[in-house]
Amino acid sequence: MAADVVRYQRLADGDDDGLWEDKNKDEKKSIEISLSDNVFTVEDAIEHCGFGWFQIRLSVFAGLIWMVDAMEIMLLSVLAPEARCYFNLTHWQEALITTTVFCGMLVGSLLWGKMMDKWGRKRGLFLAAIWTSYFAVLSAFSSSYAWLLFLRCAVGLGVSGSSQAVTYYAEFLPMKSRAYCLVLLEVGNPWWHEMCACAHGNW
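Predicted model only: the values in this text are computed from it and were never measured.

## A closer look at the overall build of the protein
Logical step 1: The helix and strand inventory of the protein stands at 7 helices and 2 strands.
Logical step 2: Counting every position in the protein, which comprises 203 residues, the buried fraction comes to 33%.
Logical step 3: Accessible surface, the protein: about 13,700 Å² in total, of which carbon and sulfur atoms supply 64%.

## Some points on the packing of aromatic side chains
Logical step 1: Counted by the stated rule, this structure contains 8 aromatic pairs.
Logical step 2: With a centroid separation of 5.4 Å and an interplanar angle of 40 degrees, the aromatic rings of F61 and F126 are classed as tilted. Residue F61 is found in helix α2 (residues 53–87), and its partner F126 is found in helix α4 (residues 121–139); the two are separated by 65 residues along the sequence.
Logical step 3: Accessibility expressed as a relative area gives 42% for F126, which makes it partly exposed.
Logical step 4: Ring centres of W147 and F150 lie 5.8 Å apart, and the angle between their planes is 80 degrees; this geometry places the pair in the edge-to-face category. Taken together, the positions of W147 and F150, both in helix α5 (residues 145–159) and 3 residues apart, correspond to about one turn of that helix.

## Brief notes about unusual backbone geometry
Logical step 1: Unusually for a residue other than glycine, N88 sits at a positive phi of about 55 degrees.
Logical step 2: Within the fold, N88 resides in the loop between α2 and α3 (91–119).
Logical step 3: On the basis of relative accessibility, which here comes to 68%, the residue N88 falls in the exposed class.

## Considerations on the side chain of T132
Logical step 1: Take T132: it is sitting in helix α4.
Logical step 2: With residues up to four places along the chain from it excluded, the contact list for T132 reads V68, E72, V155, G158 and V159.

## Focus on the pattern of salt bridges
Logical step 1: Following the criterion strictly, the structure yields 4 salt bridges and no others.
Logical step 2: Here E72 ties to R152 by a salt bridge, and the two come within 2.8 Å at their closest N and O atoms. Of this pair, E72 sits in helix α2 while R152 sits in helix α5, placing them 80 residues apart in sequence. Residues E72 and R152 agree in their burial class; the two are buried.
Logical step 3: It is possible to trace a salt-bridge network through shared partners that takes in D117, R121 and E171.

## Looking at the layout of surface pockets
Logical step 1: Size it by volume and the largest pocket reaches roughly 290 Å³.
Logical step 2: Lining of the largest pocket is provided by 14 residues; of these, L79, E82, S139, A140 and L148 occupy positions nearest its centre.
Logical step 3: Contributing elements (two or more residues each) for the lining of the largest pocket: α2, α4 and α5.
Logical step 4: Classifying every residue of the lining of the largest pocket by side-chain character gives 10 nonpolar, 2 polar and 2 charged.
Logical step 5: In this structure, the second largest pocket encloses a volume near 180 Å³.

## A short note on the nonpolar core
What tends to happen in soluble globular proteins is that the nonpolar side chains get buried as a cluster.
Logical step 1: The biggest cluster of nonpolar side chains holds 16 residues, and the ones touching the most others in it are L58, F61, I65, L125, Y168, Y169 and L185.
Logical step 2: Every element with two or more residues in this core is listed here: α2, α3, α4, α6 (164–171) and α7 (175–201).
Logical step 3: Element by element, the count of residues in this core is highest for α2, at 5 residues.
Logical step 4: Counting 9 residues, the second-largest nonpolar core is a separate cluster that includes L76, F135, V155 and V159.

## What to know about the environment of I65
Logical step 1: Its location among the elements puts I65 in helix α2.
Logical step 2: It is 9.5 Å that separates the C-alpha atoms of I65 and G161, two residues lying 96 residues apart in sequence.
Logical step 3: Not counting the four nearest positions on each side in its chain, I65 is found in contact with L125, S162 and A165.

## Some remarks on the environment of L75
Logical step 1: Turning to its location among the elements, L75 is positioned in helix α2.
Logical step 2: Residue L75 is classed as partly exposed on the basis of its relative accessible area, which comes to 32%.
Logical step 3: With 23 residues separating them in the primary sequence, L75 and T98 have C-alpha atoms 9.9 Å apart.

What counts and how
Residues numbered from 1 in each chain as written. Predicted model: local features only at pLDDT ≥ 70, side-chain atom pairs only at ≥ 80, totals over all residues. Heavy atoms only, no water. Helix = DSSP H or I, 4+ residues; strand = E, 2+ residues; numbered from the N terminus. Buried < 20%, exposed > 50% of the residue type's maximum accessible area, 1.4 Å probe, protein only. Areas by Shrake-Rupley, 256 points an atom, 1.4 Å probe, with all protein chains shown as cover. Phe/Tyr/Trp six-rings, centres within 6.5 Å; stacked < 30°, edge-to-face > 60°. Contact = heavy atoms within 4.5 Å. Salt bridge = Lys/Arg side-chain N within 4 Å of Asp/Glu carboxyl O. 1 Å grid on protein atoms, 1.4 Å probe; cavity = no way out; pocket = protein on both sides within 12 Å on 5 of 7 lines; lining within 4 Å. Points joined across faces, edges and corners; volume = space filled by probe spheres on them. Nonpolar A, V, L, I, M, F, W, Y, C, P; charged D, E, K, R; others polar. Core = buried A, V, L, I, M, F, W, Y, C linked by side-chain atoms within 4.5 Å.

Below, the structure is given as structure tokens:
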């Protein structure tokens, strides 16, 4: 039984039908790929290209998103005592600020995962970053304790999307570099916590 064959033709920008038409028909090329034997996947292409400038830029992108996640979590240890003094809160009300953030992260993890699987991780990560930045700035202008809880919960909803950066990063890494790069990304996370702690100590 003959193997199924898919035929591809070169693509060009601006062609309405999406197929490249050469003026010299003798030079038109096609590629036949056997679905049973010679499938060239995206992972094969990444392995062939290796670790390059795209992966370096992606490392910076994923590192910045991971930095935001670290800073937002570390910020809770600074925000809660300040909010207790400013709003004259009890201890359980102070603890509720941290609880609402993690409740937002719990719900957001389910939503961001589904959304990024459907519409793409890059688009979802940018949306999560904008969401987190917007509500983080608004929470700084909270006029009441209730507003602070609501806005910090919204921040937690956005921060939960940053975990998808690791998945997005790993998908574009060659196999031989994947473990090394992911470990470096995780090792860098505590350093951002330390920087936040040092900044708080200098206030």
